[in-house]
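Now for the letters of each chain:
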Amino acid sequence: MTSADTAMDDGTIAVIGAGYVGLVTAAWLAETGRHVRVVEEAPERLDQLRRGIAPIHESGLQELLTAVMDDGRLSVTDDIADAVRGAGIVFIAVGTPPLPDGGADLRQVRAALGQLKKHVGATTVVVIKSTVPPGTTQALIESSRRDRLKAPVLTCPEFLREGSALHDCRHPSRVVIGGDDESAQARVAALFEELNTVVMQTDATSAEMIKYGSNAFLALKISFINEMARLCELIGGNIDVVADGLGTDPRIGRAFLNAGLGFGGSCFPKDVAALDETAGLHGHYFWLLKAATEVNLQQRRRFVVKVQEAVGGSLSGKRMAVLGLAFKAGTDDLRQAPSIDVIRQLVDFGAHVAAYDAVAGPKAAEIIPNVTICADAYECVRGADAVLVVTEWPEFITLDWRRIAGLVRRRIIVDGRNLLDEHVLADLGFTYVPVGRRPGKKSLRRRNASALLPSPAVG
Ligand SMILES: NC(=O)c1ccc[n+]([C@@H]2O[C@H](COP(=O)([O-])OP(=O)(O)OC[C@H]3O[C@@H](n4cnc5c(N)ncnc54)[C@H](O)[C@@H]3O)[C@@H](O)[C@H]2O)c1
């Protein structure tokens, strides 16, 4: 019997990949009393983690990380052999970024499985937490068996949302465990026993379909409300009121019906594209997914056109102040953020762009070099021909807009998230351009329905 075959302890867990999913999952597992070893290969992330610093922004993560590292329940390494020694369960939470054709790049997942082969035996359960297209885990199970990986392989797709990732780990809407080894599934299910949530055990492909179906459906909802918003701009009506009215129908629900700059981030765009690509490989033309993606891209272009119109037709030489860079509030993640597309278009049209985002700003400098990244919102808006709200950070609502009125060159706001109070701004002399209603149309929304309806962040 090799050391890899000795009885394993499900109270000892290894997590490969210290990103938004891996690190948050690891910290939560440690919080529940397990001993967790995190493997990270990126030198910068590893270095930060070794110094006890969370390399990503997630509410509550730094505090939890400090607590579980201090009491020895979570440790970090770049040595996979060291990490999986004695571990009953190994989670793979590496990236599956998009390929140029829209498919998911599975190289990190395959590499992690390859590394595990030498170090885990039949009594360890390997769980793929990364999002992989339907059919992938089953294929990996078969190829892993051929490659003599003794451990059972399952999929347990992750549903957490950036910005509330820790909360979502502690209170998941459901846990889905896919595979063909019932006893391995039961061991993984036991990790979630105390959570009082639905734990579904199913085949691997159904589990993957649930994950992709969820993200694709939410993306469709966002694109649908953005199409409705466009109709409101053309015909009349107020999209926020319309969304509240639609959302009170329990068959529809209010979540993900916020009109605006559409979806971005590391999941929706890539998962919609990967599901579409997978459908195509199987001979199915998935119209709805293509439409959702196209509407989403149009929404960004339309926003730039609105800005152009608001400043009188030409952006050449105009100063634009962009408030918000992260793909949504609560995160520092800039992957596929609408801000990047919008800013590139503004720059292409000859505008000078200054941007502010308290959390994502520092990371943005490398991605959008032609932009001045400002240390605060007031510096950002100084001399601006228009102020553009791109991310729904709540702090923008409570800015001193009277002060801003005195700092800008022209009092124009194009609000890509319908975040600000148009009446307050109108009183300060701003021209306010919202999404999904004609500027200046009074909104009765806030007085009644919204009190009943939670309005979760988009994306
Ligand atoms: N970010 C989200 O909100 C979210 C939500 C649900 C599901 N997912 C899925 O979870 C997966 C991970 O997403 P993420 O956002 O955490 O990615 P991420 O890029 O933030 O993190 C992945 C980490 O894995 C590390 N890594 C890759 N290969 C490794 C290896 N062999 N050994 C050690 N470390 C390795 C990378 O260096 C990186 O730090 C993706 O498939 C994603 O689609 C993400």
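Not measured: the values here are computed from a predicted model. (Residues numbered from 1 in each chain as written. Predicted model: local features only at pLDDT ≥ 70, side-chain atom pairs only at ≥ 80, totals over all residues.)

## Considerations on the overall build of the chain
And step 1. If you tally the helices and strands in the chain, you get 18 helices and 14 strands.
And step 2. In terms of C-alpha radius of gyration, the chain reaches 24 Å, essentially the compact-globule figure of 23 Å for 459 residues.
And step 3. Along the three orthogonal principal directions, the C-alpha set of the chain runs to about 80 × 45 × 40 Å.
And step 4. In the chain, which comprises 459 residues, the proportion classed as buried is 49%.
And step 5. Pairs at least 24 apart in sequence give 73% of the contacts found in the chain among residues at least 6 apart. (Helix = DSSP H or I, 4+ residues; strand = E, 2+ residues; numbered from the N terminus. Rg over C-alpha atoms; globule rule 2.2 N^0.38 Å. Buried ≥ 20, exposed ≤ 12 C-beta atoms within 10 Å, placed from the backbone. Contact = placed C-beta atoms within 7 Å.)

## Focus on the site of the ligand
And step 1. As a structural note, the neighbourhood of the ligand is formed by 27 residues, with G17, G19, A42, S130 and T131 the closest of them.
And step 2. When residues in the shell around the ligand are grouped by element, the largest group, four residues, is from helix α5 (residues 107-117).
And step 3. Looking at the shell around the ligand residue by residue, the class counts come to twelve nonpolar, ten polar and five charged. (Near = placed C-beta within 6 Å. Nonpolar A, V, L, I, M, F, W, Y, C, P; charged D, E, K, R; others polar.)

## Thoughts on the packing of helix α12 (residues 287-310) against helix α13 (residues 338-348)
And step 1. For the pair α12 and α13, the least separation of the axes is 10 Å and the interaxial angle reads 45°. One element, α12, and the other, α13, form an angle in the oblique class. When the axes of α12 and α13 are compared, the crossing they make is right-handed. Taking contact as the criterion, the partners of R300, F303 and V304 in α12 are, on α13, P338, D341, V342, Q345 and L346.
And step 2. Residues belonging to the contact of α12 with α13 are distributed by class as follows: five nonpolar, one polar and two charged. (Axes fitted to C-alpha atoms, helices over the stretch in contact; angles between N-to-C directions. Parallel < 35°, antiparallel > 145°, perpendicular 65-115°, else oblique. Left-handed = near helix turned anticlockwise from the far one by under 90°.)

## Things to note about the sheet that holds strand β13 (residues 412-415)
And step 1. Read from one edge to the other, the open sheet built from six strands follows the order β11-β10-β9-β12-β13-β14, with strand pairing classed as parallel. Of all the strands in the sheet, just β11 (372-373) and β14 (431-433) have a single pairing partner and so form its edges.
And step 2. Bridging between strand β12 (residues 386-389) and β13 involves three bridges; their strand directions are parallel. Each bridged residue has a counterpart across the sheet, and for L388 the counterpart in β13 is V414.
And step 3. Against the sheet, α12 contacts β12, β13 and β14, and its axis sits at roughly 165° relative to β13. (Pairing = 2+ DSSP bridges.)

## Description of the domain arrangement of the chain
And step 1. Assigned domains within the chain: domain 1 (3-202) and domain 2 (216-452).
And step 2. Distance between the C-alpha centres of domain 1 and domain 2: 34 Å.
And step 3. Opposite the 15 residues of domain 1 that make contact, domain 2 presents 16 residues.
And step 4. Split by residue class, the side of domain 1 that touches domain 2 holds six nonpolar, seven polar and two charged. (Domains from an automatic or database assignment.)

## Considerations on the nonpolar core
And step 1. Ranked by internal contacts, the top residues of the largest apolar core, which has 89 residues, are I16, V90, I92 and V127.
And step 2. No other element matches helix α9 (residues 204-235), which puts eleven residues into this core.
And step 3. When residues of this core are sorted by domain, at least three fall in each of domain 1 (3-202) and domain 2 (216-452).
And step 4. Leaving out residues up to four positions away in the same chain, I92 has contacts with I16, G17, V109, A112, V126, V127, I128, K129 and S130. (Core = buried A, V, L, I, M, F, W, Y, C linked by C-beta atoms within 7 Å.)

## Quick look at the pairing of strand β9 (residues 319-323)
And step 1. The element β9 is extensively covered by neighbouring structure, given that five of its five residues are classed as buried.
And step 2. Residues of β9 alternate between two faces, with R319, A321 and L323 on one and M320 and V322 on the opposite face, all of them buried.
And step 3. In this sheet, strand β10 (residues 352-356) lies alongside β9 in parallel orientation, the contact comprising five bridges. From the neighbouring strand, A321 faces β10, where its bridge partner is A354.
And step 4. With respect to chirality, the unit in which β9 leads through α13 into the neighbouring parallel β10 is right-handed. (Right-handed = clockwise from strand over helix to strand, strands pointing away.)

## Some remarks on the environment of V241
And step 1. Relative to the helices and strands, V241 resides in helix α10 (residues 239-247).
And step 2. Here V241 falls in the partly exposed class, since 19 other C-beta atoms lie within 10 Å of it.
And step 3. Here the alpha-carbon distance between V241 and R437, two residues 196 residues apart in the chain, equals 9.9 Å.

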